[in-house]
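Inside the fold
Next come the chains, spelled out residue by residue.
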Amino acid sequence: MPHAETAGVEATPRTRLRWWTELPLILLVYACYSAGRLLARGDVSSAVDHGLAILDIEKALYLNAEHPLNRLFTSEPWLGVPADFWYASLHYLITPVLLVWLFRSRTVHYRAARTWLMTSTFIGLIGFTLLPTCPPRLLADGHGFVDTMAQYSSYGWWAGEASAPKGLGGMTNQYAAMPSLHVGWALWCGVILWRFGGTRLTKVAAVAYPLITTIVVMGTANHYFLDAVAGAAVMGVGLLLAPYVMRITDRARERFGVGATPVAAAAGAVARNAVARDAVAPVTVGSGATSSSIVSGGCQTSAGERIPRQRESRFGSGAEPSASSQDAGDGAAAPAR
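Notes on the structure in this doc start here.

Rules used in this analysis
Residues numbered from 1 in each chain as written. Predicted model: local features only at pLDDT ≥ 70, side-chain atom pairs only at ≥ 80, totals over all residues. Heavy atoms only, no water. Salt bridge = Lys/Arg side-chain N within 4 Å of Asp/Glu carboxyl O. Helix = DSSP H or I, 4+ residues; strand = E, 2+ residues; numbered from the N terminus. Buried < 20%, exposed > 50% of the residue type's maximum accessible area, 1.4 Å probe, protein only. Polar contact = N/O pair within 3.5 Å; in protein donor to acceptor, adjacent residues only side chain to side chain. Contact = heavy atoms within 4.5 Å. Axes fitted to C-alpha atoms, helices over the stretch in contact; angles between N-to-C directions. Parallel < 35°, antiparallel > 145°, perpendicular 65-115°, else oblique. Nonpolar A, V, L, I, M, F, W, Y, C, P; charged D, E, K, R; others polar.

A complete count under the given rule lists two salt bridges for this structure. Across the pair Asp147 and Arg137 runs a salt bridge, and its minimum N-O distance is 3.2 Å. Residue Asp147 is located in the loop between helix H5 (107-130) and helix H6 (148-151), and its partner Arg137 is located in the loop between H5 and H6; the two are separated by ten residues in the primary sequence. A residue is classified by how much of its surface remains accessible, and Asp147, at 13% relative accessible area, is buried.

What follows concerns the side chain of Thr214. If you trace the backbone, Thr214 turns up in helix H8 (residues 200-219). Given a relative accessible area of 17%, Thr214 falls into the buried group. Among the polar contacts listed, one links the side chain of Thr214 to the backbone oxygen of Pro210, at a separation of 2.8 Å. Ignoring any residue separated from it by four or fewer positions in sequence, one finds Thr214 in contact with Val183 and Ala228.

Our next topic: the packing of helix H2 (residues 44-60) against helix H9 (residues 225-255). Packed helices, taken two at a time, are described by their axes: the angle between them and the distance between them. The geometry of H2 relative to H9 is characterised by a closest axis approach of 9 Å and an angle of 95° between their N-to-C directions. In terms of axis orientation, H2 runs roughly perpendicular to H9. Facing H2, whose interface residues are Ile54, Ile57 and Glu58, H9 presents Phe225, Leu226 and Asp227. The residue inventory of the contact of H2 with H9, partitioned by class, reads four nonpolar, no polar and two charged.

Structure follows, in structure tokens:
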């Protein structure tokens, strides 16, 4: 039986997946995720404290990639503007495109990959709830960060509120920085491209996409480096949990009667009938008028018997029985010679 090479579990779905059931499922999960982000806004002061604590940890670890990248993107519009487009767009384009591609071209791996992505996304939502974090761009000016999304907002559809379209900033949670699911989803895309792309170009894209995304989220001052690390860790935990999630959903289908498709059910019924028929159908040995019915286990039934008396046959398969070996008409065994 084929196994998912992404999540280490059974990849072939027990029911045939259909796009008209998959699309509403994905939209429902994303709607729940978006609503959860809004509900998990948290307190602003605690979010700022968490952001400053992350900066202190990075300073203690001599990690300071955010400041030089942010200064570069701020001073060089030819870098900053494409970076803002990258941050505001690709997160919502490449991931669904890869899901559709998997569904159409790598169906055997789709369910495991989709479960991995959804599981990791919900883990990220837990992180937003437990640890609301102020991104670098929203810290006070004294911390040295510039909001490039606000600086270059005239070039795109976004305003100063993250990547939300202008006028819709209130519909996003700006303190959902830890973990960075921009990085997490990009890492998922990279793994999918590397494993199933099959060409050198896709392998290059598999490495470049999550790497550039990590640079972009720091250079635009939307995430800290540790946010990116946490995003990768969330995807790792989701990968480990995905097999268990799939088993739980399989058991739920069985319990609530969500079975196989009609084609699969018909095939299973034919197979079961064939097994039952082979188990009980008698096999005739011999030829002409001298034939004997052989039932399972090598026992024979005389011509007048309705229920076999379980007498062992005394002739091998394919051998003609002798006249003395035939049963008497009344069902009694012929006398031995």
